[in-house]
Amino acid sequence: MLFYKKSILKNITFAPLKNRPPKGMKPYKILIFIILVISALGAICYFYPKDGITLGKTEIRFPSMEEVLVSHSTPKVEIKEELDSVELKHLNDLKDTLEQYKAVLTEQTGHFYLPNNDVTFFDKMFARMAQAKGNEEVVRILHYGDSQIEMDRISNNIRTFFQSTFGGGGPGMVPVIQTIPSFAVSQYASGALTLYSSYGDGARCKGNYGLMAKCYRLTGSATFGANASRHKDTDPRVKKFSNITLLYNDHNGNFSATLKDRIRGYHETQTNGQAGVHTCHWMLDTATTSLQISMQGTADIYGIMLDNGYGVAVDNIPLRGSSGNQFTMITDTLLRTSYQQANVGMIILQFGGNSVPSIYNQKSLDNYCTSIDKQIKRIKRCYPAATLLFIGPSDMSTRKGGTLRTYPMLPQLIDSLRTISLRNHAAYWDLYEVMGGQNSMVAWVQNGLAGPDYVHFTPAGARKVGKILANNFATMYEFYRTRKNMPKQQFDTLWNASAK
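Residues numbered from 1 in each chain as written. Predicted model: local features only at pLDDT ≥ 70, side-chain atom pairs only at ≥ 80, totals over all residues. Heavy atoms only, no water.

## Overview of the pattern of salt bridges
Okay, step 1: For the structure on display, the rule yields 18 salt bridges.
Okay, step 2: R378 serves as the salt-bridge partner of D332, at 3.0 Å between the closest nitrogen and oxygen. Taken together, the residues span a long stretch of sequence, with D332 in helix α7 (residues 332–342) and R378 in helix α8 (residues 362–382) at a distance of 46 residues.
Okay, step 3: Members of the salt-bridge network, linked through shared partners, are R140, D307 and D315. (Salt bridge = Lys/Arg side-chain N within 4 Å of Asp/Glu carboxyl O. Helix = DSSP H or I, 4+ residues; strand = E, 2+ residues; numbered from the N terminus.)

Shown next as C-alpha cells:
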C-alpha cells in the first residue's frame, strides 16, 4: 500500500501558484511612475478653474497650485471687547454731548442702521413704553428668530433692559405646548390639542397660524400649567406672573377657560360666548409663581402671555429651521387682529442664517431677498403701528480649500438685507459686523463663544450678543432723553453743526 502511494506522488506535476507575487519593479520605473502621477496632478491644478465647477447646487473643486504649494491658515480676527458697553458723558456743552452721540450712533461698530439716517426712529416707541405703567398697559416686543434665539437666548438680555427701564415682568408669551426648553419659564400641557404650524413639524392649516406662526387646536378639554424658572441666571422680574392673557380663536362660541393660582387656590372662569378672535384676561392681586389654565371647547390657541404688572413684555419666539418666510402664510385679518389684541409695540425679525448654505449664486440670493421684502411689507401693511427691527445673520464658516472661511455669498446677503430693511422703513442691526466681519466665527469658536458647527452661539456667545444689543437700545434711549425737552429746531441746528 505504501509503495502504491509513493508511485503516485512521483508522477504528480505541481503547477505554479497563480497568486505568487511578480518580481519587484525596478527602482527607475517606480520613479518614472511617481513623476508622471505628480505631473498629471500638477496639470490639473494649473488648468482646473480656480472657483471650481458648479453643477446645480453641487460645487466640484480641485486645489489650485497655490493652495498646494503655499501653507494656508484661517485668518485670525480679534473680538472687540469694547462693544460690550458704550459710556457717554453728558458734557456741559450740549453741542459737545451731541458730537459724542453722533460718533457712537453713526460710526461705532454695532450701531443701528436707521431709515434715512433718522436718529429719532425709536422715539415714538420709547414714548409709548415710558407711558405704559401710567396707562396700565403692557407694550409687547415680539422677538422672532431661528434657532439662534432658542431657550430665550438674546431675548432675555433685551427683556432685562426694557423691564428695568420701563417696568413690567414675567417671561412673556409662550405657546400652549413648548417643545424647546426655556430658561424663562417651566411649562406643561395635556389634553385634546393638535399642533398646526407654518414651519417644521405639525399639520398645516391655510392661513390660520396666529402671531407665533403656529397654533394649537383644542377639541374638547385641555390643561396648561406654568411654573417660575429656577435657573440661577434668570432675572428675578421674570419669575412671577400676575397679568395673564390667553389669545384664542373660538370656532363655535363655546370656549371657556379657568385660571387657578396654585399657590393661593384662587380660580376664575372666563368665556366670551361668541366666535372669533378674543382674549381671556386675568389680573391677580398678588403675583404667583405657579398657575394652571383649564380649557374647554373648540378653538385655536395662539398664545398665552405670562406677564407681571404693567410695562414692557419681551416675547421669545424661536422658529427652528425657518428663514423668516412665515408671515405671508398668515391671513392679513388674523395677523392684524392678533397684533392689536397683544398690544405690540416693536417686532424684531432675526433671520437669514438658515438660508446661507443654500445661497450659492445671485439668483438664489435675489429669491431669498425678495421673500424677506414681502415679509416686511406684509407686517407693515397689517400693523403699521409697530416699530420694526431686522437683525441679520451672524458670520458662518464653511470649508473652502481645506480652510474654514465665511460663506462666499454671506457679505452680499447682509448688504442686501440691510438695503431691504431700510427701504421698508425698518431699522437694521448688523450681527455679522458686531462679531468682527469676515472669518470672525472662527475666533468666536476659539474663544468659547460659538459651537463646533461654526454656526450657533454658545450660551456665553449669545449672552455677549444680547448684551451688546441691549446696550445699543440703552444708548438710543439715553439719546432720546437728552433730546426730549429740546426744541426740534435747536436740535437740528446743533446736530448738523456737530457733523462739521
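## Brief notes about the packing of helix α4 (residues 94–106) against helix α12 (residues 459–484)
Okay, step 1: The contact between α4 and α12 brings their axes to 11 Å, and the two run at 155 degrees. In terms of their interaxial angle, α4 and α12 are classed as roughly antiparallel. Handedness of the crossing formed by α4 with α12: left-handed. In this structure, α4 uses L94, L98, Y101, V104 and L105 to contact α12, whose residues at the interface are T475, M476, E478, F479 and T482.
Okay, step 2: In terms of residue class, the contact of α4 with α12 is built from seven nonpolar, two polar and one charged. (Axes fitted to C-alpha atoms, helices over the stretch in contact; angles between N-to-C directions. Parallel < 35°, antiparallel > 145°, perpendicular 65-115°, else oblique. Left-handed = near helix turned anticlockwise from the far one by under 90°. Contact = heavy atoms within 4.5 Å. Nonpolar A, V, L, I, M, F, W, Y, C, P; charged D, E, K, R; others polar.)

## Points about the confidence of the model for the protein chain
As a general rule, the predicted coordinates of low-pLDDT regions are not to be interpreted in detail.
Okay, step 1: Looking at the protein chain as a whole, the pLDDT averages 88, with 86% of positions reaching at least 70.
Okay, step 2: This stretch, residues 1–9, has a pLDDT under 50; its non-local contacts, to residues over four places away or in other chains, come to zero contacts. (pLDDT = per-residue confidence, 0-100.)

## Considering the nonpolar core
Okay, step 1: In this structure, Y144, Y339, I347, L349 and L413 are the most contacted members of the largest nonpolar core, which totals 53 residues.
Okay, step 2: Sorting the residues of this core by element identifies β4 (138–145), β12 (290–307), α7, β14 (344–350), α8, β15 (387–391) and α9 (410–423) as the ones contributing at least two each.
Okay, step 3: In terms of residue count, the dominant contributor to this core is α8 (seven residues).
Okay, step 4: What Y144 contacts, discounting residues up to four positions off in sequence, is I149, L211, I317, L319, F327, Y339, I347, I348, L349, Q350 and F351.
Okay, step 5: Core analysis: the second largest hydrophobic core is formed by 51 residues, L105, I154, A450 and V465 among them. (Core = buried A, V, L, I, M, F, W, Y, C linked by side-chain atoms within 4.5 Å. Buried < 20%, exposed > 50% of the residue type's maximum accessible area, 1.4 Å probe, protein only.)

## A few points about the sheet that holds strand β13 (residues 311–318)
Okay, step 1: A sheet is described by the order of its strands in space; here six strands give the open sequence β3-β18-β15-β14-β4-β13, paired in mixed fashion. In this open sheet, the two strands that pair with only one neighbour each are β3 (112–113) and β13.
Okay, step 2: As judged from the six bridges shared by β4 and β14, these two strands associate in the parallel manner. Within β14, the position partnered with Y144 by the bridge is L349.
Okay, step 3: Packed onto the sheet, helix α6 (residues 155–166) meets β4, β13 and β14 and runs at close to 170 degrees relative to β13. (Pairing = 2+ DSSP bridges.)

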